[in-house]
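Here's the letter readout for the chains.
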Amino acid sequence: MKIGELSRETGVAVRLLRYYEDQGLLTSHRSEGGHRRFGPEAPVTVERIRTLLAAGLPTKIIRELMPCFAGDGTQLQACVLDHLKTQYAELDSRIADLTQARTALGHILEASTRALADA
């Protein structure tokens, strides 16, 4: 399958598909004319990449997880669950930090609005 076909089938821009390949997430081989050719598994691979990106995982982590898929879906083997739990905990921590920053900013806005109204 050519890169344009893969793009149409997955809805992912050609430029992103090239990026995924550059990052080692997606593989292709070159035709005699130098064109990228992707195997029949490429649409599933792209779906997996998109799912993991949507979960907030960086491409470095995704590259490590790609060989660990079980079956045709997005389920991963048990050997990487601890890694996913760590990523999940890090997201919780970032959410807590952002919530605290949002609350602090809300207090500043509230105090500033009151001060302007009293002036």
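Heads up: the structure comes first, above all this text.
Below: a short report on this structure. (Residues numbered from 1 in each chain as written. Predicted model: local features only at pLDDT ≥ 70, side-chain atom pairs only at ≥ 80, totals over all residues. Heavy atoms only, no water.)

## Considerations on the layout of surface pockets
To be explicit about the condition: Definitions used throughout: a 1 Å grid over protein atoms alone; a cavity as a set of points that fits a 1.4 Å probe which cannot get out; a pocket as an open set with protein on both sides within 12 Å along at least five of seven lines; a lining residue as one with an atom within 4 Å of a point. Grid points are joined across faces, edges and corners, and a volume is the space filled by probe spheres set on the points. By the criteria applied, helices consist of DSSP H or I runs no shorter than four residues and strands consist of E runs no shorter than two, each listed in order from the N terminus. When residue character is reported, Ala, Val, Leu, Ile, Met, Phe, Trp, Tyr, Cys and Pro are called nonpolar, Asp, Glu, Lys and Arg charged, and the others, Gly included, polar.
Computed from the structure, the largest pocket encloses a volume of approximately 180 Å³. If you go around the largest pocket, the residues you meet are Leu52, Ala55, Gly56, Leu57, Pro58, Leu76, Leu84, Gln87, Tyr88, Glu90, Leu91 and Arg94. Sort the elements by how many residues they give to the lining of the largest pocket and helix 5 (residues 81–118) lands first, with 6 residues. Residues that form the lining of the largest pocket fall into these classes: 8 nonpolar, 2 polar and 2 charged.

## Brief notes about the side chain of Arg48
The condition that has to hold: For the exposure calls, accessible area comes from a 1.4 Å probe over protein chains only, and a residue counts as buried if that area is under 20% of its type's maximum, exposed if over 50%, partly exposed in between. What makes two residues a contact is simply this: any of their non-hydrogen atoms within 4.5 Å.
For Arg48, the position within the fold is in helix 3 (residues 42–54). Note on Arg48: relative accessible area 12%, which makes it buried. In this structure Arg48 touches Met66, Phe69, Gly71, Asp72, Gly73 and Thr74, once residues within four positions along its chain are discounted.

## Section: the nonpolar core
The following threshold applies: Nonpolar cores were defined as sets of buried Ala, Val, Leu, Ile, Met, Phe, Trp, Tyr and Cys residues, with membership established by side-chain atoms within 4.5 Å.
Counting 21 residues, the largest nonpolar core has Leu6, Leu17, Tyr20, Leu26, Leu52, Leu65 and Met66 as its most contacted members. Contributing elements (two or more residues each) for this core: helix 1 (3–10), helix 2 (14–22), helix 3 and helix 4 (59–65). Ranked by residue count, the leading element in this core is helix 3, at 4 residues. Those residues in contact with Tyr20, other than ones at most four positions away along the chain, are Val12, Leu25, Leu26, Ile49, Arg50 and Leu53.

## A closer look at the pattern of salt bridges
What counts here: One side-chain nitrogen of Lys or Arg within 4 Å of one carboxyl oxygen of Asp or Glu is enough to make a salt bridge.
Evaluation of the coordinates by the stated rule reveals 2 salt bridges. The salt bridge partner of Arg36 is Glu21, with a shortest N-O separation of 2.4 Å. With Arg36 in strand 2 (residues 36–37) and Glu21 in helix 2, this residue pair connects regions lying 15 residues apart in the sequence. By relative accessible area, which is 17% here, Glu21 ends up buried.

## Concerning the environment of Thr74
With respect to the secondary-structure elements, Thr74 resides in the loop between helix 4 and helix 5. Of the residues examined, Thr74 reaches a relative accessible area of 33% and is grouped as partly exposed. A sequence separation of 29 residues divides Thr74 from Thr45, and the C-alpha atoms of the two residues are 9.4 Å apart. Apart from residues lying up to four places away in sequence, Thr74 is in contact with Arg48, Thr51 and Phe69.

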